[in-house]
Amino acid sequence: MQLIKLDAIDSTNEFLKGLSSNQLLENFTVVTAENQTKGKGQMGAIWNSEPSKNLIMSVLVTDFVTDINQIFDINIVVSVSIIQVLQDLNIPELSIKWPNDIMSYNKKIGGILIENSIKSDGSINSIVGLGLNVNQMNFENLPKASSLALICNATFDKEEILLKIIENLEKNIQDWNQNSHLLWKEYTNKLFKKGIPMPFSDENQHNFMGIIQGVSSIGKLKILLEDDSVSEFEIKEIQMLY
């Protein structure tokens, strides 16, 4: 594993993307930064992080996804790899808020942004960005955010967490052909608010009740509606109200 450490960068994803387009990088090359000035999340959301307190990283994953129809497999393997590490650290009440937020109780402690690119030969490269709130204690104006330190009243070693995440990710990818069904099951079982009646809002701001059932093979959220039908939604089509 090649580890590139930066003091400050606009975005580790953008830095790694640029690097990988200009030179051949080994699989699982990692870029970390103490401060990220233009971090971003799903749907262009801004990711703010207190300098030097949190784990900000991006990792290059190549030769894993070979079929565009199985692109959500990378979300599965990344999310579960992170959850497994946090479980080993005894972080309580962990879940995955579809598609890629890491939760403890009802608080967001991490966000994943995966950007895939298809090469001219048809192969798919993934830049996996992770922002994990580790030792930050102040989340003013962010009532739904928290950190490992706040939740556990302890200080954590960011680099140790990083190395364990990459180790888990490599192992889960290596074992994917044998264990993909188990990782999909683990992701599904860890879905935030799965099986609980919850209010949602659709893209037309229409509110409705539904129960999360799971995720389709291409990553759509499956929700049981009040008429007992199950509908599938893409990320831009639905928002959970909690």
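The preceding data block contains the structure.
Residues numbered from 1 in each chain as written. Predicted model: local features only at pLDDT ≥ 70, side-chain atom pairs only at ≥ 80, totals over all residues. Heavy atoms only, no water.

> It is not clear to me how the overall build of the chain should be interpreted in this structure. Could you clarify?
Helix and strand content of the chain: 5 helices and 12 strands. Projected onto the principal axes, the alpha-carbon positions of the chain cover approximately 55 × 45 × 35 Å. For the chain, long-range pairs separated by at least 24 residues make up 61% of all intrachain contacts whose partners lie at least 6 apart in sequence. Taken as a whole, the chain presents about 12,100 Å² of accessible surface, with 47% of it coming from carbon and sulfur. (Helix = DSSP H or I, 4+ residues; strand = E, 2+ residues; numbered from the N terminus. Contact = heavy atoms within 4.5 Å. Areas by Shrake-Rupley, 256 points an atom, 1.4 Å probe, with all protein chains shown as cover.)

> Please explain the sheet that holds strand 4 (residues 94–97) as it appears in this structure.
Whenever strands of a sheet pair, they do so through backbone hydrogen bonds, lying parallel or antiparallel. Sheet architecture is open: 7 strands sit in the order 1-2-3-7-6-5-4, paired in mixed fashion. The sheet terminates laterally at strand 1 (3–9) and strand 4, the two strands that pair on one side only. Each adjacent strand pair in this sheet contributes to an overall mean axis angle of 20 degrees, direction not counted. Taken together, the 9 bridges between strand 6 (residues 107–118) and strand 7 (residues 124–132) define a ladder with antiparallel strand orientation. Considered in strand 7, the bridge of L113 is made with G129. Against the sheet, helix 2 (residues 72–88) touches strand 3 (55–62), strand 4, strand 5 (101–104), strand 6 and strand 7, its axis set at about 150 degrees to strand 6. Across the sheet, helix 4 (residues 158–174) touches strand 1, strand 2 (30–36), strand 3 and strand 7, and the angle it forms with strand 3 is around 20 degrees. (Pairing = 2+ DSSP bridges. Axes fitted to C-alpha atoms, helices over the stretch in contact; angles between N-to-C directions.)

> How do you make sense of the side chain of T62 when you look at a structure like this?
Note that T62 resides in strand 3. Judged by relative accessible area, which is 13%, T62 ranks as buried. Not counting residues within four places of it along the chain, the set of residues in contact with T62 comprises N27, I124 and N125. (Buried < 20%, exposed > 50% of the residue type's maximum accessible area, 1.4 Å probe, protein only.)

> Any chance you could explain the pairing of strand 5 here in plain terms?
On any regular strand, side chains alternate: one points to one face of the sheet, the next to the other face. A two-sided burial pattern is seen for strand 5, the buried positions comprising D101 and M103 on one face and I102 and S104 on the other. In this sheet, strand 5 lies alongside strand 4 in antiparallel orientation, the contact comprising 4 bridges. Bridge pairing links L94 to S104 in strand 5. Linkage of strand 4 to strand 5, two consecutive antiparallel strands, is achieved through a turn of 3 residues. Where strand 5 folds back onto strand 6 in an antiparallel hairpin, the turn is made up of 2 residues, including Y105, whose phi is positive at roughly 55 degrees.

> Could you clarify how one ought to interpret the packing of helix 2 against helix 5 (residues 176–189) in this entry?
The N-to-C vectors of helix 2 and helix 5 enclose an angle of 70 degrees; their axes lie 9 Å apart at closest approach. With respect to helix 5, the axis of helix 2 lies roughly perpendicular. Contact residues: helix 2 offers F72, D73, N75, I76, V77, S79, V80, Q84 and Q87, while helix 5 offers W176, L183, W184, E186 and Y187. Of the residues in the contact of helix 2 with helix 5, the class split is 8 nonpolar, 4 polar and 2 charged. (Parallel < 35°, antiparallel > 145°, perpendicular 65-115°, else oblique. Nonpolar A, V, L, I, M, F, W, Y, C, P; charged D, E, K, R; others polar.)

> How do you make sense of the environment of T29 when you look at a structure like this?
Here T29 is to be found in the loop between helix 1 (12–22) and strand 2. Taking relative accessible area as the criterion, T29 reaches 0% and is therefore assigned buried. Setting aside anything within four residues of it in sequence, one finds T29 in contact with Q2, I4, L16, S58, V59 and L60. A polar atom in the side chain of T29 sits 2.6 Å from the backbone oxygen of E26. (Polar contact = N/O pair within 3.5 Å; in protein donor to acceptor, adjacent residues only side chain to side chain.)

> Just checking my understanding: could you explain the pattern of salt bridges for this structure?
Pairing of side chains with opposite charge becomes possible as their charged atoms draw close. Counted according to the given criterion, the structure contains 9 salt bridges. For K171, the salt bridge goes to D175, with nearest N and O atoms at 2.9 Å. (Salt bridge = Lys/Arg side-chain N within 4 Å of Asp/Glu carboxyl O.)

> Honestly, helix 2 in this entry has me stumped. Any pointers?
At 3.6 residues per turn, the α-helix brings residues three or four places apart onto the same side. Taking 1.5 Å per residue, 17 residues should reach 24 Å; helix 2 reaches 25 Å between its end C-alpha atoms and fits that length. By the criterion of burial, helix 2 is predominantly enclosed, with 15 of the 17 residues buried. Of the residues one or two after helix 2, N90 is the one with positive phi, at around 65 degrees. (Expected span 1.5 Å × (residues − 1).)

> Whenever I open this one, the environment of I112 confuses me. Can you help?
Note on placement: I112 falls in strand 6. I112 sits 113 residues away from L225 along the chain, and the two C-alpha atoms are 28 Å apart.

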